[in-house]
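# Structural overview
Okay, here's what each chain looks like letter by letter:
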Amino acid sequence: MKGRWALLVGILIGVSVLSLGIGAVSLSLPEVWNGVLTGVGLGSAPETATAVIWELRMPRTLAALLVGGGIAAAGVGLRGIYRSPMAEPYLLGISPAAGLGVVIGSLFTPIGVPPVAGAILGAATAVLMALGIHRLTAAVGAGNRLILLGVALGLTFLAWTVTVIFVGDSPRLPTFTYFVFGSFAAVTWSHFLVALPLIAAGAAIIGVRGRALDLMSLGDAPARSLGVEVQRTTTWVLVAAGIAAGASVALAGVIGFVGLIAPHIANRIVGPRHGRSLPVAIAVGGTLLLICDIASRLVANPVEVPVGIVVAAIGGPALVGVLLQSRQA
């Protein structure tokens, strides 16, 4: 286990360094290293390289790690609640719902002010969506029908989001591409610091409920017999997943499939126990999304491809694989 963690951390650090060096202005490894040290007062790199790293690429890199980890944490929680490998924020319509909340909140945020209103309203909308989806499960059942319901609602919320963007026509609103496909190109430190406590809180709540989720994997009745308050656990995890997903959307737009892929990989590495799989899923999700962000800068250089498109190119086949595997099971 220690060896796997060392490998995962090593990959994460290597990808982060690569992210700091790639862009319109390419920086070598020594330039990245000296620029990072200069930013903390321990080096003397050129002013241009230091500014590129600390004002542009460092917040972007950290944001990709944060959003990937937040979506992965939400995916772990939703998988535990629904006992389905396909339960993740995008496929359940939670992320698109958060996008609508972010758009509406952004309309009331003055230009140049960190998008606090958008982030909070986006997270709140995602929480309401998560709770609403759970109530609808009694009518539609779990499994594939639940995913179909989530996709249908997600497309509806996405259409409303686009409508608000075009009708609002405000410089306060990010672009259509940002909300539909996701992007880290415009992330700043203020944006990152708004989302950080929300995503961290969501992941922490899911982590605290890890033991209860393990027991709920046996079924609600057995879990109750073992002392688990199923309804309370379900509510807390859904709220936490909504907060993490909503804040992630506020930071980077609607990005799908990370909540599907990262928990699946984590389960393969450390097994299904939530206390072990959650931190691994967070690390995998952050690393995966950062890799996709790097690819988005290189695929059509100098034009930047929206990161959500790169993720979808991986996530689509991954979803097919999960569907085939669950069918065989």
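Right above here is the structure, for reference.
This structure is a prediction, so every number in the text was calculated from the model and none was measured.

### Notes on a nonpolar patch on the surface
- There is a patch of nonpolar side chains on the surface, built from Ile 104, Phe 108 and Leu 121 and spanning about 290 Å² of accessible area.
- Position of Leu 121 relative to the elements: it lies in helix α5 (residues 116-140).

### Some remarks on the environment of Ile 199
- Along the polypeptide, Ile 199 turns up in helix α8 (residues 189-208).
- Its relative accessible area of 3% is what places Ile 199 among the buried residues.
- In sequence terms Ile 199 and Ile 71 are 128 residues apart; their C-alpha atoms lie 8.7 Å from each other.
- Once you skip the residues sitting within four places of it in the chain, Ile 199 turns out to touch Leu 66, Gly 70, Ala 244, Ala 247 and Ser 248.

### Describing the nonpolar core
- Residues Tyr 82, Phe 184 and Ile 255 are the most contacted members of the largest nonpolar core, which totals 73 residues.
- In terms of residue count, the dominant contributor to this core is helix α11 (residues 230-252) (11 residues).
- Ignoring anything within four residues of it in the chain, the contact list for Ile 255 reads Ile 71, Tyr 90, Phe 181, Gly 182, Phe 184, Leu 289, Val 307 and Val 311.
- Judged by nonpolar contacts, the second largest core, of 15 residues, contains Ala 262, Leu 278, Val 280 and Ala 283.

What counts, and at which threshold
- Residues numbered from 1 in each chain as written.
- Predicted model: local features only at pLDDT ≥ 70, side-chain atom pairs only at ≥ 80, totals over all residues.
- Heavy atoms only, no water.
- Patch = residues over 30% accessible without salt bridge, like charges linked within 9 Å, V, L, I, M, F, W, Y side chains within 5 Å.
- Areas by Shrake-Rupley, 256 points an atom, 1.4 Å probe, with all protein chains shown as cover.
- Salt bridge = Lys/Arg side-chain N within 4 Å of Asp/Glu carboxyl O.
- Helix = DSSP H or I, 4+ residues; strand = E, 2+ residues; numbered from the N terminus.
- Buried < 20%, exposed > 50% of the residue type's maximum accessible area, 1.4 Å probe, protein only.
- Contact = heavy atoms within 4.5 Å.
- Core = buried A, V, L, I, M, F, W, Y, C linked by side-chain atoms within 4.5 Å.

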